Amino acid sequence: MSDNTQGLRIQSGSQALRAGIELLSSMRFAISLLTVICIASVIGTVLKQHEPAVNYVNQFGPFWAELFGAIQLNAVYSAWWFLLILGFLVVSTSLCIARNTPKILIDLKVYKENIREQSLKAFHHKAEAGLSGSAEAEARRIGTMLAGGGWKVRLQQRDTAAGPGTGWMVAAKAGAANKLGYIAAHSAIVLVCVGGLLDGDLIVRAQMLLGGKTPYQGGGLIADVKPEHRLSERNPTFRGNLLVAEGTQSSTAILNQSDGVLLQDLPFAIELKKFIVEHYSTGMPKLFASEIVIHDKATGEKTPARVEVNHPASYRGIEIYQSSFDDGGSHLKLRAVPMVAGAKAFDVEGVVGNSTQLTNNGGGTGSETLTLEFTALRTINVENFGGAGPGGTGVDVRKVDLRESVESRLGAANKTVTKKELRNVGPSVSYKLRDAAGQAREFHNYMLPVDTGDGVPVFLLGVRESPAEPFRYLRVPADDKGGMDGFMRLKATLADPVAREQAVRRYVAQAIDASRTDLAEQLQQSASRALALFAGRGMVDGKPTGGLQAVSDFMEANVPEAERARAGEVLVRILNGTLFEVAQLSRQNAGLPRLPQDEQTRGFMTQAVLSLSDAQIYPAPLAFELKDFTQVQASVFQVARAPGKNIVYLGCALLILGVFAMLYVRERRVWVWVAPQGGGSHATMALSTNRKTMDGDQEFVQLAQKLIGAGKAPEGTA
């Protein structure tokens, strides 16, 4: 409020009380509080707020996650210490205003016309000149000119100090709004903080502390939640989220707390008639809006409205904002495809957000009971294929996790390292498989085959152990009909020892002349051994026993190092030939014609060999293929009753006016002492300003010339 950083000094009370009030009302204390609030606001901006606790553990580790929770850095703006600091800042600034406002108001009324002539000569801006008229006439002329220039003027007649006669003091002032700017700016701080406290969690926390309200930590239906977890419709301030699916309505908002949620009953229900979303070419939403109907509980009145981002609807003092959108319970039809021997294919239906049990009767999952949780449906997946194609790097499918290669093709569309080629690869489904112990893996499977640049469309089956990890994708080649059936038939036939021997005999019969029985017998033994190694024996001690890795391990253990390169080429040729016959046998058993030996078949078989090898370590007995869906959209609204909003707006307006007044309005005072001298009079003029600027120097020169016809006196002159 002023240059003095000391606080309000009181004369009564104990020493501790006087010191506390002085500190609380001092400028240095208020600045310290503002600094802490700024630091806390930076933390609240950088660190995501109100995230699930597991997200902080995954990102920062258990120690820091626990520390963030202990000091509530994950909910800065509703933390008790943040609200306490705001409260202290309100008190401190209010005391500062109370201490300085009377002085400012008194100063606004005072013209300081009693200043002596000698004092005027000590000012930085001063001038003297002789005038031809009498002292009274010249004083009135000067006063009139100043008043015409927007100055407030007061004339005082008093005796001169140099001798007999009467002199006139002309006292004028301008720019009083500068001091009012101090009051406005500091009042703005109080108003903004009060508005923040009203619209924050202060009142909700007061109800929890004094009204017996407690956060709800359970699950189930909203209607079954007890009253001690609910806030009244008359709650003066709140800010919560409301999820409404298309065709449904809801009247209870969720207020997230650090240790649960509170339910806020609304005086109306929101019905979502239609959700509208438009996308950019990158797949990012460019517009989402909700066509809603507001049902008033008291009157039964129905009010249609449209809610868009930055265009909220308002009803009975409650603002309805479009926050985001979600799945509203889409219906899914999945096909379970077996990934291990003994599992059977079957169909399953579900709703996003629900789950179902998979038992022995449900499809042969062995003795293990799994819970299938339907987590998400995405109808649009725009991915970047800028590095794909013949000139691209290609995907090294021998990497089981496929992390770098798949991410380079299925990365975010905002990558700019390579040329972008954005393409919508169609719908995808996400689900979790949870075992009896409660451990779950997350899966993300695309509905349609995707050409990642190798010319062979593949189904991408993603899996990850935790949300902190990226998805690892198994690529299953699409058959001639665009499905996974061809690969699954091949996989099932490979697992049958009788079918493998039959395929080996066919391969040997085509590769060796029938008269060369000795060579045929050797080739049959080698082919049977290679095919059995590749087929494997399932998982042993948590490790796969088949695939290309098993063949490689066999060669390292049984073939001298010098001969491995040549032996490897021969063994791979034999393995490819026998697997081709396995594929032909699988089609024959299904009543399908043989595969033609063309480029398309060679691409399918190349990818199939690598996929069969990678499938050995697929961590689930079943993979679920999305066959059909009925999408149900849901809109997420933020509903808020914010009585402090108008107070904050008023505070912002005062802050703008106050800062403008302090920075651009200069307080100036002018004194002109006119005393009789000979047949005329003599004028002594001075100007004071709260801020020394070049404009002030020029203004004084112009005033001196205009009022008394003189320029500024040289420095140090009387």
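The residue numbers shown here count from 1 along each chain, following its written sequence. This being a predicted model, a pLDDT of at least 70 is required before a residue's local features are given, and a value of 80 or more before pairs of side-chain atoms are given or counted; all residues contribute to the totals for chains, interfaces and linings. Side-chain numbers here rest on the full set of heavy atoms in the structure, without hydrogens or water.

**As for the overall build of the protein**
Moving on, step 1. Scanning the protein from N- to C-terminus turns up 18 helices and 27 strands.
Moving on, step 2. Only protein chains enter the area calculation, which uses a 1.4 Å probe; residues under 20% of their type maximum are buried, those over 50% are exposed, and those in between are partly exposed. Counting over 718 residues, the protein shows a buried share of 44%.
Moving on, step 3. Two residues qualify as a contact provided that any one of their heavy atoms is within 4.5 Å of a heavy atom in the partner residue. For the protein, the share of sequence-separated contacts (at least 6 apart) that also reach a separation of at least 24 residues comes to 64%.
Moving on, step 4. Residue exposure ignores everything except the shown protein chains as possible cover, and the areas themselves are Shrake-Rupley values with a 1.4 Å probe. Looking at the protein as shown, the accessible area adds up to about 36,900 Å², and 55% of this sits on carbon and sulfur atoms. A run of H or I in DSSP becomes a helix once it reaches four residues, and a run of E becomes a strand once it reaches two; helices and strands are each numbered from the N terminus.

**Description of the packing of aromatic side chains**
Moving on, step 1. Each Phe, Tyr or Trp ring (for Trp, its six-membered ring) is paired with any other whose centre lies within 6.5 Å, and the angle between the two planes then decides the class: stacked below 30 degrees, edge-to-face above 60, tilted in between. Taken as a whole, this structure holds 17 aromatic pairs when the rule is applied.
Moving on, step 2. Here Tyr 77 and Phe 82 contribute two aromatic rings whose centre-to-centre distance is 5.7 Å and whose plane-to-plane angle is 85°, an arrangement assigned as edge-to-face.
Moving on, step 3. Each ring, one from Phe 443 and one from Tyr 618, has its centre 6.0 Å from the other, and the planes form 45°; the classification is tilted. With Phe 443 in strand β19 (residues 440–446) and Tyr 618 in the loop between α16 (599–614) and β24 (622–630), this pair connects stretches of sequence that are 175 residues apart. Comparing Phe 443 with Tyr 618, the two get one shared label, buried.

**Some words on helix α15 (residues 564–589)**
Moving on, step 1. The end-to-end C-alpha separation of α15 is 36 Å, in line with the 38 Å expected for 26 residues at 1.5 Å each.
Moving on, step 2. Gly 591, located one to two residues past α15, shows a positive phi value of around 75°. Helix span is expected to be 1.5 Å times the residue number reduced by one.

**Description of the sheet that holds strand β2 (residues 152–159)**
Sheet strands line up and pair through hydrogen bonds in the backbone, either parallel or antiparallel.
Moving on, step 1. DSSP calls a pair of strands paired once it identifies at least 2 bridges connecting them. Pairing within the open sheet is antiparallel, and its 5 strands lie in the order β1-β27-β26-β3-β2. Taken across any chain shown, the strands that pair with only one partner, and hence form the sheet edges, are β1 (125–131) and β2. Neighbour-to-neighbour, the strand axes of the sheet open up by a mean angle of 15°, direction not taken into account.
Moving on, step 2. Each axis is a line fitted through C-alpha atoms, taken for helices only over the stretch in contact, and angles between the N-to-C directions span 0 to 180 degrees. Strand contacts of helix α7 (residues 135–148): β1, β2, β3 (166–174), β26 (668–677) and β27 (680–689), with the helix running at about 5° to β3, the strand carrying the most contacts.

**With respect to unusual backbone geometry**
Moving on, step 1. Positive phi is not limited to glycine here, since Gln 72 has a value of about 60°.
Moving on, step 2. Locating Gln 72 in the fold gives a position in the loop between α4 (62–70) and α5 (80–109).
Moving on, step 3. Phi at Asn 310 is positive, roughly 70°, even though this residue is not glycine.
Moving on, step 4. Within the element layout of this structure, Asn 310 appears in the loop between β9 (302–308) and β10 (313–315).
Moving on, step 5. Overall, the relative accessible area of 69% leaves Asn 310 in the exposed class.

**Quick notes on a nonpolar patch on the surface**
Moving on, step 1. Each patch groups residues whose relative accessible area exceeds 30% and which form no salt bridge, using 9 Å between like charges and 5 Å between nonpolar side chains of Val, Leu, Ile, Met, Phe, Trp and Tyr. Any carboxyl oxygen of Asp or Glu within 4 Å of a side-chain nitrogen of Lys or Arg constitutes a salt bridge here. A cluster of nonpolar side chains, namely Phe 60, Phe 63, Trp 64, Leu 67 and Ile 71, defines an oily patch on the protein surface of about 470 Å² accessible area.
Moving on, step 2. Here the element with the most residues in the nonpolar patch is α4; it accounts for 3 residues.
Moving on, step 3. Inspection of the secondary structure puts Phe 60 in helix α3 (residues 53–60).

**Some points on the nonpolar core**
Moving on, step 1. Definition of nonpolar core: a set of buried residues of the types Ala, Val, Leu, Ile, Met, Phe, Trp, Tyr and Cys, connected through side-chain atoms within 4.5 Å. Counting residues in hydrophobic clusters, the biggest one holds 65 residues, and the most contacted among them are Leu 334, Leu 372, Tyr 431, Leu 433, Tyr 618 and Phe 624.
Moving on, step 2. Here this core gets 8 residues from one element, more than from any other, and that element is helix α13 (residues 517–535).
Moving on, step 3. Setting aside residues no more than four positions away along its own chain, Leu 334 makes contact with Phe 346, Asp 347, Val 348, Leu 372, Phe 374, Val 429, Phe 624, Glu 625, Leu 626 and Lys 627.

**Notes on the side chain of Asn 178**
Moving on, step 1. Following the sequence through the fold, Asn 178 ends up in helix α8 (residues 177–199).
Moving on, step 2. Among the residues examined, Asn 178 registers a relative accessible area of 2% and is labelled buried.
Moving on, step 3. Pairs of N or O atoms are called polar contacts if they sit within 3.5 Å, as long as, within protein, a hydrogen donor faces a hydrogen acceptor (for residues adjacent in sequence, only side-chain-to-side-chain pairs). For Asn 178, the side chain forms a polar contact with the side chain of Asn 690, separated by 3.1 Å.
Moving on, step 4. With residues near it in sequence (within four places) discarded, Asn 178 still touches Ala 661, Met 662, Val 665, Glu 667, Asn 690 and Arg 691.

**Considerations on the packing of helix α14 (residues 547–558) against α15**
Moving on, step 1. In contact at an axis separation of 11 Å, α14 and α15 are set at 145° when each is read in the N-to-C sense. Helix-helix and strand crossings are classified by hand; for α14 and α15 the assignment is right-handed. Between α14 and α15, the residues in contact are Leu 548, Val 551, Met 555 and Glu 556 and Arg 564, Ala 567, Gly 568, Leu 571 and Leu 575, respectively.
Moving on, step 2. All residues other than Ala, Val, Leu, Ile, Met, Phe, Trp, Tyr, Cys, Pro, Asp, Glu, Lys and Arg, Gly among them, are scored as polar; the first ten of these are nonpolar and the last four charged. Of the residues contributing to the contact of α14 with α15, the split by class is 6 nonpolar, 1 polar and 2 charged. When the near helix sits turned anticlockwise from the far one by under a right angle, the crossing is termed left-handed; a clockwise turn instead gives a right-handed crossing.

**Looking at the sheet that holds strand β13 (residues 346–351)**
Moving on, step 1. Spatial ordering of the open sheet is given by β13-β12-β24, a layout of 3 strands whose pairing is antiparallel. With one partner strand each, in any of the chains shown, β13 and β24 form the two edges of the open sheet. Across this sheet, the average inter-strand angle for adjacent strands is 30°, counted without regard to direction.
Moving on, step 2. Pairing of strand β12 (residues 331–338) with β13 involves 6 bridges; the strand directions are antiparallel. The residue bridging Leu 332 from the neighbouring strand is Gly 350, located in β13.

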